[in-house]
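Structural features, examined
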Amino acid sequence: MAETRSDKLSDLLAQSERHATHKVKVGVCSGAGCRAMGSENVLSALAAEVERLNLSEKIKVFSAGCPGSCLQGPVVIIQPGDLFYQKVQSTDAPDIIKAADQGRVVERLLYHEPITDQALESLDDLPFFKHQERIVLKHSGTIDPTDIEDYIAVGGYESLVKAVTLMTPERVIDEVARSGLRGRGGAGYSVGEKWHQCREAVGRTKHIICNRSGLDGVVHQVLEGLIIGAYAVGASFGVVYLREQNQQAVTQMRAAIANANQFGLLGHNILDSGFSFDLEVFESSSAFIAGEETAMIAAIEGERAVPRVRPPYPSVEGLWGRPTLINNAETFANIGAIIEKGANWYKGIGTPGNPGTKVFSLTGNIKTGGQVELPLGTTIEKIVFEIGGGMLGDRNFKALHIGGPSGGSVPASALDMPLDYDTINASGAIVGTSDLSVLDECTCMVETVKDFMELMADESCGKCAPCRIGTQRMLEILTQVTNGQGSLDDLARLETLAGVVKTSSLCGLGKTAPNPVLTALKHFRDEFEAHIKHQKCAAARCPTLVKAPCSHTCPAKVDAPSYIALVALGRYEEAIAVHRERNPFPSICGRVCHHPCETRCRRGLLDEPIAIALVKRFMSDHAPAVHPRFPRDPENRKHRVAVIGAGPAGLTCAYYLALVGYDVTVLEALSTAGGMMKVGIPDFRLPEDIINKEIEAIVDAGVKIETRRMLGRDFTIDGLIADGYEAVFLGTGAHQGNNMGLPKESDLAGVIDGATFLRRANLGESVEVGRRTVVIGGGNVAIDAARTAIRLGAQNVKILYRRTVAEMPAYEWDIREAREEDIEFEFLVSPVGFEEENGILSGVKCRRMVLGARDDQGRRRPQPVKGSDYIEEADMVIAAIGQSPALDYLPDESELASSRGRLSVADETMMSEQPGVFGGGDAVSGPASVVEAVAHGQKAAIAVEKYISGRSLIDQQLQVAEERRVEPLQEKKIKAAGNNRRHPPEVEPEKRKSDFSEVVLALDEEQALGEAARCLRCDLDED
Ligand SMILES: Cc1cc2nc3c(=O)[nH]c(=O)nc-3n(C[C@H](O)[C@H](O)[C@H](O)COP(=O)(O)OP(=O)(O)OC[C@H]3O[C@@H](n4cnc5c(N)ncnc54)[C@H](O)[C@@H]3O)c2cc1C
Ligand SMILES: Cc1cc2nc3c(=O)[nH]c(=O)nc-3n(C[C@H](O)[C@H](O)[C@H](O)COP(=O)(O)O)c2cc1C
Ligand code: SF4
Ligand code: SF4
Ligand code: FES
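Residues numbered from 1 in each chain as written. Chains lettered and ligands numbered in written order. Predicted model: local features only at pLDDT ≥ 70, side-chain atom pairs only at ≥ 80, totals over all residues. Heavy atoms only, no water.

With that out of the way, let us pick up the sheet that holds strand 28 (residues 824–827). The strands that make up a sheet are held in pairs by hydrogen bonds between backbone atoms, and each pair lies either parallel or antiparallel. The parallel open sheet is built from 5 strands, whose spatial order is 25-33-26-27-28. Taken across any chain shown, the strands that pair with only one partner, and hence form the sheet edges, are strand 25 (751–753) and strand 28. The average undirected angle you get between the axes of adjacent strands in this sheet is 20°. By the bridge criterion, 4 bridges tie strand 27 (residues 796–801) to strand 28 in an arrangement that is parallel. (Pairing = 2+ DSSP bridges. Helix = DSSP H or I, 4+ residues; strand = E, 2+ residues; numbered from the N terminus. Axes fitted to C-alpha atoms, helices over the stretch in contact; angles between N-to-C directions.)

Below you can see the structure in the form of structure tokens.
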């Protein structure tokens, strides 16, 4: 039988004495990530240990390629078994070698499942690897990339043997074309077509170039594909184009070329096939543009690396004017597998138009990142939440930026989007650099886009004007926007410029540079507008706009760094006054605020955010309600202002107007002031005496409150104006419970809406609760109603919600507390009717749901499951599916009401169509929060002042306060505070379920001062 070439490779391998004698192989990742974390020391320590124990015959320690899990480095992979060790230190070497010698595992170095803490041994079991399909990276991490024998031992170069000995060049091209492989260098052009063009091109001498990629560790695999490519197109000379900065890649490739020459796989008459091919490495400068194929050719030819017009394409006229095949290294790394297993096998992976896998670099605000290889068509959701392990710090997913500085971003509503060339291009992004950067809610899209544009403007080679000037101009505009100095016209200008640069630039750099801007403007326009209109950066990132992330994120802009610093210094009364200059409810907000300030707190990037709300609660419980000093004009006393509704919006507006001297009266329909703080939020979260204390302080500032005075019933807006009130503020909230639209909902006894139920309970009216109470809804009102029902004696309380817990709008701490109080939850269920026996409610007819397509916010819409109806037994149903403002005090067709049934006011002034009539709080925004109502109240107070007097003393004072600088705490006190966030005590669930006393208790003084001392004082200038 004739000797096959494969036998020949085996012979080559067998001749090598070094190979295959080791029973255990210990690969230490030599990728850039692991090297940065000390993998070279780990390698030396492991090798020394093997030497010390005289185990060199049995155990081979070697430098491996990057397996991809770069955030877990330094990584060590042991054969047999693909045993995966992470975060290895050189001090672990003795344990690792001893265990390897004895066939054991060092458990502490294994990956542990975050929830179950189960240790996973093999690389393939890890979530990061389990969902990948590895063709290109198959051996990365498990063999020595520089050792040709290692590669041959795992089947390497078999495809080259097959191609050059058993296949004609045309058959090779045909196989590659039928596989549907598309170029992995960014544009996704058909590889088969390019190879065919090059083969057909006129000219006896042809060349081949392998363009750089982020791939390390698969050097022989790239080489094998490259030699096959050269054979297919008929190239006699080739260049591997690498970045000179990546000296490891350069050294590895040079060594691999030398090895391949030694083994007869390169050079003259390769494997006796008659095909000869020589290869060299070219080290390129770092410029991004030098990766563009025509610029690259210029660089290899010794010219300046600038692109030229195409056509002619390099496959027809390339290096030194000769036909030149240019493919990316990853493209070549796929060729061996296609030749070995065939086009049909390859086409079975990925999607019809996008076969195969793609290597991406997964980075950003994600738990596990690195290099991942995925079938094309894998959804973003799978990549982020299964492979990447979900968002870092459990923050919300905001966007995926695909393709690096000239790529584009897609929002949360695109989580189901499959990643393939066509879908990515259609989204406005490109595969580009193959980077997938996961962005969370703390990312400012304007800043991100600006940074990308800066890079592109820098990288523009300057040859053509649209790119050279256009990128600069776009950068200038973006810089103005991040500084809060842009205009809305700038956005239109940006779009026009982006269009021009895209269509009229010479090369791919200019044509793609506007992508980030265009996609961000498409999906995140409101962020650009907020920077322009309100100087607001929701992510609290843009330095010119953000003094400190906490105060910037607070809707009322409370100066948190100053009052936290004053608490740390023990100056509680000053701290209270600072808080009250922007929010007169520190005690209340210290208990019920959803504290967006904490989600952006910079300390959270180090360990845990400052417990801002708890510090605030401590200070306000420990000092009297000191008023801030505002300039007061005695003339203001002549001006009368009426405020309708004594909720936080109305009371805040009244308070600040009173502080600067206005004569303000609050008219409230109920028997008590406080609004939803009093009649919505239950006492176990917000005790009545706390609310009363803060309202008393408002009265103390000069505000008059008249209860049982209802607009529409007892008086009218026009009547107030006729009575001499110069301005009216409407802060009437959103108290009308929404209807579920089910038959008999309003007539059947035992069915009640959440807002009414809580109002009655909070006002001490007698409220009967059912034995089995069912609450419908997923927000705060549902949770508060359920917890109130259990305290009023219901034996069993169940919340039905149509989505899952992950989508519940209720605060996550309230959900936890409710669960602790034995409240049951049933998810993916929606009510469709009521059951009754003899006119008495006996149950809710429910329908099961599944989550379907996503809405604009990225939340999946619930869809009914056919035939899934069932009865949930109930003798009381509380429907908590939202509230709306009750605007029946307005005349029909009033211009003051919007089509959404809310008060309509101008964003800037809070004034309605009717001069002198202002509005704010839930009545304008719909159900929101106390602090948002406070923010509206303050903004309206300033607008009322300007309306009446043409100036605002409140505003003046707030400007002065901006300049305040509280001195920093002594270093030793900061150190003594330590790193850990303080947690408040809570009353035991069994105890608290039986009454309405407060569940979450306060920090003690030592805890509060320690917590305050953790603050990084982001407000202080760096100098
Ligand atoms: C159950 C529940 C729990 C909540 N939990 C929280 C929480 O934990 N944290 C948080 O920040 N927010 C919470 N909220 C939301 C928060 O209470 C409201 O967003 C906030 O109180 C709105 O303030 P407002 O001043 O706009 O309206 P309201 O507080 O609703 O005040 C409006 C006032 O106007 C009065 N009024 C209405 N119509 C008239 C009329 N025609 N004439 C005269 N007076 C009238 C009402 O009686 C009421 O007193 C909760 C709300 C509810 C219902
Ligand atoms: C500015 C710019 C930079 C580029 N950089 C690279 C690069 O680093 N590596 C690469 O393979 N292709 C890069 N390309 C794409 C190449 O021009 C070329 O399309 C690619 O190497 C062809 O290989 P493929 O068909 O296998 O994808 C770049 C293109 C542009 C416009
Ligand atoms: S588009 Fe930009 S990078 Fe490309 S040739 Fe023109 S100036 Fe140079
Ligand atoms: S560290 Fe302090 S100043 Fe900085 S964001 Fe957090 S609370 Fe604010
Ligand atoms: S650099 Fe070591 S796993 Fe990637």
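Still to come is the rest of the account.
Where helix 17 (residues 445–459) meets helix 18 (residues 465–482), the axes come as close as 9 Å, and the angle between the chain directions of the two elements is 155°. The angle between the axes of helix 17 and helix 18 places the two elements in the roughly antiparallel class. At the point where helix 17 passes helix 18, the crossing takes the left-handed sense. Across the interface between the two elements, Val446, Glu447, Val449, Lys450, Met453, Glu454 and Ala457 of helix 17 pack against Thr471, Gln472, Met474, Leu475, Leu478, Thr479, Val481 and Thr482 of helix 18. (Parallel < 35°, antiparallel > 145°, perpendicular 65-115°, else oblique. Left-handed = near helix turned anticlockwise from the far one by under 90°. Contact = heavy atoms within 4.5 Å.)

Looking now at helix 33 (residues 754–762). When helix 33 is considered as a whole, its buried residues turn out to be Gly754, Ala755, Thr756, Phe757 and Leu758. Of the surrounding elements, those touching the buried residues of helix 33 are helix 30 (676–679), strand 25, helix 34 (780–791), strand 33 (876–879) and strand 34 (883–884). One or two positions beyond helix 33, positive phi appears at Gly764, with a value near 80°. (Buried < 20%, exposed > 50% of the residue type's maximum accessible area, 1.4 Å probe, protein only.)

Attention now moves to the nonpolar core. Within the largest apolar cluster, 85 residues are counted, with the highest numbers of intra-cluster contacts made by Tyr563 and Ile564. Among the elements that make up this core, the one with the highest residue count is helix 37 (residues 930–949) (11 residues). If we skip the residues at most four places from it in the chain, Tyr563 touches Val558, Ala575, Val578, His579, Ile612, Lys616 and Met619. Core analysis: the second largest hydrophobic core is formed by 66 residues, Cys210, Phe332, Ala337 and Ile349 among them. (Core = buried A, V, L, I, M, F, W, Y, C linked by side-chain atoms within 4.5 Å.)

Together, Glu107, Asp117, Glu121, Asp124 and Asp125 make up a region of like negative charge exposed at the surface. Within the element layout of this structure, Asp117 appears in the loop between strand 5 (111–112) and strand 6 (119–120). (Patch = residues over 30% accessible without salt bridge, like charges linked within 9 Å, V, L, I, M, F, W, Y side chains within 5 Å. Areas by Shrake-Rupley, 256 points an atom, 1.4 Å probe, with all protein chains shown as cover. Salt bridge = Lys/Arg side-chain N within 4 Å of Asp/Glu carboxyl O. Lys, Arg positive; Asp, Glu negative; His and termini not counted. Charge placed at Lys NZ, Arg CZ, Asp CG, Glu CD.)

Every one of the 17 residues lining ligand 2 counts as a neighbour, but Gly185, Arg212, Asn327, Asn328 and Thr331 are closest to it. Taking Lys194, its side chain carries an N or O atom lying 2.9 Å from an oxygen atom of ligand 2. At 2.8 Å, a side-chain N or O of Asn327 approaches an oxygen atom of ligand 2. Surface burial for ligand 2 is 85%, taken as the share of its 620 Å² of free accessible area covered by protein chains. When contributions to the shell around ligand 2 are tallied by element, the ones reaching two or more residues are strand 10 (324–328) and helix 20 (508–512). Top contributing element to the shell around ligand 2 by residue count: strand 10, with 3 residues. Broken down by class, the residue content of the shell around ligand 2 amounts to 4 nonpolar, 8 polar and 5 charged. (Near = heavy atom within 4 Å. Polar contact = N/O pair within 3.5 Å; in protein donor to acceptor, adjacent residues only side chain to side chain. Nonpolar A, V, L, I, M, F, W, Y, C, P; charged D, E, K, R; others polar.)

The analysis is restricted to geometry; functional conclusions fall outside its scope.
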